[in-house]
Amino acid sequence: MRVIDRISKSKSTLFSFEILPPLKGKGIEYIYEGIDPLMEFKPAFINVTYHREEFAYKKREKGYLEKIAIKKRPGTVGICAAIKSKYDVITVPHLICGGFNKEETENALIDLHFLGIKNVLALRGDAIKTEVAFVPEEGGHAHAVDLVKQIVDLNKGIYLDEEIVSPHPTDFCIGVAGYPEKHFESPNILNDIKYLKQKIEAGAEYIVTQLFFDNQKFFDFVKLCRNNDIHVPIIPGLKPITTKHHLSFMPKFFHVDLPGVLVEEIEKCKSEEEVRQIGIEWTIAQSKELIKFGVPCIHYYTMGKSEAVKKIASHAF
Ligand code: FAD
């Protein structure tokens, strides 16, 4: 089923979550261990992130260094197919522009289509660690909007090779990312909304937001979207703070602010267990308020650890 149809059919707020492929070398059981505890909340869909290659240097003879590309977390497509079949749940693979040319993107979409996966979260991806800014692959896309357009074309049966006879159309429902606190490269929120609108006009059917800790920022973002004629469902993304380290990690990695009250509460904690408790309570309160606001779904970032999200879901849903 397509995510947008699942949302349209529901009268109450849905529960969904995101997982990461495990580090290379781990088995699929690792994924199931993270999903099993959350299945009792009947997830509307499960997202699986995509991780592009990183570069590393290996020492070779005579002191030479060899630059090699490694994918530390491969398996997005395989995981989606495996959990779709095991749990009979809607799976949403993330597809990124980074590291893909258009041909590779098309082939990835064909794989997904053959596997019966009808949903994709279309993203640009970040710059790789050795680059200061995002560099598109040669013959690839520079922005998520271009990826959305390619998927929409495939949904119309338009393949890159115009000579294909009787091309079979795909039927992907496309989601895109939105940023209540604006994307970190964007000069201001209105500029970011302008480009978000382009993704919707190109054919994306819903938005999933970057995580945030202050619901007011989400409410303001929804209002801004509606005022700018973006009327698709907007799904808030939440992640609980679980360690003191998150106080600096979250702003640095996700470019979000943490409310003063939350920071003060966490700074007072004497153990990591206390921090976890505060983080979970904060996300429960956020979830309850978002449900009251009438959001279509709440999407939790598990980072492969389901314990905290299980506690939150058992109080909020
Ligand atoms: P875009 O929509 O392309 O926007 C990127 C920047 O360019 C923004 O500042 C925007 O305002 C601007 N912009 C957009 N279009 C144009 C245009 N036409 N001309 C000029 N400027 C433009 N990353 C991964 O690598 N793997 C994942 O699995 C993953 N999952 C994610 C899931 C969610 C819900 C979110 C919120 C993010 C995720 N990311 C993931 C991170 C994401 O790839 C980065 O935030 C990336 O920097 C931007 O992606 P985007 O799709 O929002 O890009």
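Since the model is a prediction, treat every value here as computed from it, not as a measurement.

## Considerations on unusual backbone geometry
- Phi angles above zero are rare outside glycine, and Lys-42 is one such case at about 45 degrees.
- Residue placement: Lys-42 occurs in the loop between helix 2 (28-35) and strand 2 (46-48).
- You can call Lys-42 exposed: its relative accessible area is 64%.
- For Ser-166, which is not glycine, the phi dihedral falls at a positive 45 degrees.
- Assignment of secondary structure puts Ser-166 in the loop between helix 5 (144-155) and strand 7 (173-178).
- Residue classification places Ser-166 among the exposed positions, given a relative accessible area of 67%.

## With respect to the site of the ligand
- Close to the ligand lie 23 residues, the nearest being Tyr-50, Asp-126, Tyr-179, Asp-192 and Lys-199.
- Residue Tyr-179 places a side-chain N or O atom 2.7 Å away from an oxygen atom belonging to the ligand.
- Lys-199 is positioned with one of its side-chain polar atoms (N or O) 2.7 Å from an oxygen atom of the ligand.
- Out of a free accessible area of 970 Å², the ligand has 85% covered by protein chains.
- Of all elements in the fold, only strand 5 (91-96), strand 6 (119-123), helix 6 (189-202) and strand 8 (206-211) reach the threshold of two or more residues within the shell around the ligand.
- Counting residues per element, the shell around the ligand draws most heavily on helix 6, which supplies four residues.
- Among the residues making up the shell around the ligand, the classes are represented as ten nonpolar, eight polar and five charged.

## Points about the nonpolar core
- Formed by 93 residues in total, the largest nonpolar core has its most connected members in Ile-19, Ile-83, Tyr-206 and Tyr-300.
- No other element matches helix 5, which puts six residues into this core.

## Examining the environment of Val-148
- Mapped onto the secondary structure, Val-148 falls in helix 5.
- Since its relative accessible area comes to 0%, Val-148 is described here as buried.
- Considering only alpha carbons, one finds Val-148 and Gln-198, 50 residues apart in sequence, at a separation of 9.8 Å.
- Residues in contact with Val-148, not counting those within four places in the same chain, are Ala-122, Ile-174, Val-176, Lys-199, Ala-202, Gly-203 and Ala-204.

The rules we used
Residues numbered from 1 in each chain as written. Predicted model: local features only at pLDDT ≥ 70, side-chain atom pairs only at ≥ 80, totals over all residues. Heavy atoms only, no water. Helix = DSSP H or I, 4+ residues; strand = E, 2+ residues; numbered from the N terminus. Buried < 20%, exposed > 50% of the residue type's maximum accessible area, 1.4 Å probe, protein only. Near = heavy atom within 4 Å. Polar contact = N/O pair within 3.5 Å; in protein donor to acceptor, adjacent residues only side chain to side chain. Areas by Shrake-Rupley, 256 points an atom, 1.4 Å probe, with all protein chains shown as cover. Nonpolar A, V, L, I, M, F, W, Y, C, P; charged D, E, K, R; others polar. Core = buried A, V, L, I, M, F, W, Y, C linked by side-chain atoms within 4.5 Å. Contact = heavy atoms within 4.5 Å.

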